[in-house]
Amino acid sequence: MDRTFVMVKPDGVARGLIGKIVTRFEEKGFTIAAAKLMQLNQLEAERHYDHLRAKAFFGELVAFITSGPVFAMIVEGKDAVKNARALIGATNPLEAALGTIRGDYAMDVASNIVHGSDNDENAEREIGMYFR
Ligand code: DAT
Ligand code: MG
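Residues numbered from 1 in each chain as written. Chains lettered and ligands numbered in written order. Predicted model: local features only at pLDDT ≥ 70, side-chain atom pairs only at ≥ 80, totals over all residues. Heavy atoms only, no water.

**Details of the site of ligand 1**
Move 1: Within the structure, ligand 1 sits among Lys-9, Tyr-49, His-51, Leu-52, Phe-57, Leu-61, Arg-85, Thr-91, Arg-102, Val-109, Ala-110 and Asn-112.
Move 2: In this structure, Arg-85 approaches ligand 1 through a side-chain N or O atom, which is 2.7 Å from an oxygen atom.
Move 3: One of the side-chain N or O atoms of Arg-102 is found 3.0 Å from an oxygen atom in ligand 1.
Move 4: When ligand 1 sits alone it has 520 Å² of accessible area, and the protein chains cover 77% of it.
Move 5: According to the grid-proximity analysis, the pocket containing ligand 1 is the largest pocket.
Move 6: Each residue belonging to the shell around ligand 1 can be placed in one class, and the counts come to six nonpolar, three polar and three charged. (Near = heavy atom within 4 Å. Polar contact = N/O pair within 3.5 Å; in protein donor to acceptor, adjacent residues only side chain to side chain. Areas by Shrake-Rupley, 256 points an atom, 1.4 Å probe, with all protein chains shown as cover. 1 Å grid on protein atoms, 1.4 Å probe; cavity = no way out; pocket = protein on both sides within 12 Å on 5 of 7 lines; lining within 4 Å. Sits in = over half its atoms within 2 Å of the grid points. Nonpolar A, V, L, I, M, F, W, Y, C, P; charged D, E, K, R; others polar.)

Here you go:
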């Protein structure tokens, strides 16, 4: 079975949306294979967002993702990476369709409440970082 890494970000956890987000994945057809509440440290956050190091918002992004607990999950299902990204919606909630998680629950790109790996290699890299 295909799998991917999904994380409810600190804003989603603080807003009490873990349950709703887990339900979205379950209703779509995914199985939650593992899950835990955890706190990312600076190094983990910088490694997680390594591909964005050059961006002007990198510091803000790392500060945000380490600002409180996140809810990390391994989700399993057919074409897990692509189906999860479709369910999560576009990076900018302004462009995310209603019916997607970001489209329904977020308004600002800097706090878009959920992360999903963008390809199989990164999914395995991220699962390896957080589930050992
Ligand atoms: P995604 O999370 O959809 O895979 P990404 O990997 O390009 O998007 O960016 C990671 C996160 O960085 C994104 O979820 C929110 C933040 N981000 C992206 N673009 C941003 C911007 N222009 N300003 C502030 N934060 C941004
Ligand atoms: Mg990404």
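Now that the structure has been shown, the text picks up again.
**With respect to the layout of surface pockets**
Move 1: Looking at the largest pocket, its volume works out to about 520 Å³.
Move 2: What lines the largest pocket is a set of 24 residues, and nearest its centre among them are Lys-9, Tyr-49, Leu-52, Leu-61 and Thr-91. (Points joined across faces, edges and corners; volume = space filled by probe spheres on them.)

**A few points about the nonpolar core**
Move 1: Grouped together as the largest cluster of nonpolar side chains are 20 residues, with contacts concentrated most on Ile-21, Phe-25, Met-73, Ile-101 and Ile-113.
Move 2: Sorting the residues of this core by element identifies strand 1 (3-8), helix 2 (18-28), strand 3 (70-76), helix 5 (80-88) and helix 6 (101-105) as the ones contributing at least two each.
Move 3: In terms of residue count, the dominant contributor to this core is helix 5 (four residues).
Move 4: With near-sequence residues (within four places) excluded, Ile-101 lies in contact with Ile-21, Arg-24, Phe-25, Leu-87, Ile-88, Ala-106, Ile-113 and Val-114.
Move 5: With 19 residues, the next largest nonpolar core counts Met-38, Tyr-49, Phe-58 and Ile-127 among its residues. (Core = buried A, V, L, I, M, F, W, Y, C linked by side-chain atoms within 4.5 Å. Buried < 20%, exposed > 50% of the residue type's maximum accessible area, 1.4 Å probe, protein only. Helix = DSSP H or I, 4+ residues; strand = E, 2+ residues; numbered from the N terminus. Contact = heavy atoms within 4.5 Å.)

**Quick word on the packing of aromatic side chains**
Move 1: Here the structure, examined in full by the defined rule, presents three aromatic pairs.
Move 2: Seen from their ring centres, Phe-5 and Tyr-130 are 5.0 Å apart, and the 25 degrees between their planes marks the pair as stacked. A residue pair is termed long-range when its members are at least 10 positions apart, and Phe-5 in strand 1 and Tyr-130 in helix 7 (residues 120-130) qualify at 125 residues. With respect to burial, Phe-5 and Tyr-130 carry one shared label: buried.
Move 3: On the basis of an interplanar angle of 50 degrees and a centroid distance of 5.5 Å, the ring pair of Phe-25 and Phe-30 is categorised as tilted. Each member of the pair, Phe-25 as well as Phe-30, carries the same accessibility label: buried.
Move 4: A network of ring pairs unites the aromatic residues Phe-5, Tyr-130 and Phe-131 as a single cluster. (Phe/Tyr/Trp six-rings, centres within 6.5 Å; stacked < 30°, edge-to-face > 60°.)

**A closer look at the pairing of strand 1**
Move 1: When you tally the buried positions in strand 1, you get five out of six residues, the bulk of the element.
Move 2: Sheet analysis places strand 1 next to strand 3, joined by six bridges and oriented antiparallel. Directly across from Arg-3, in strand 3, lies its bridge partner Glu-76.
Move 3: Here strand 1 pairs with strand 4 (residues 114-116) via three bridges, running antiparallel. In the sheet register, Val-8 faces strand 4, and the bridge partner there is Val-114. (Pairing = 2+ DSSP bridges.)

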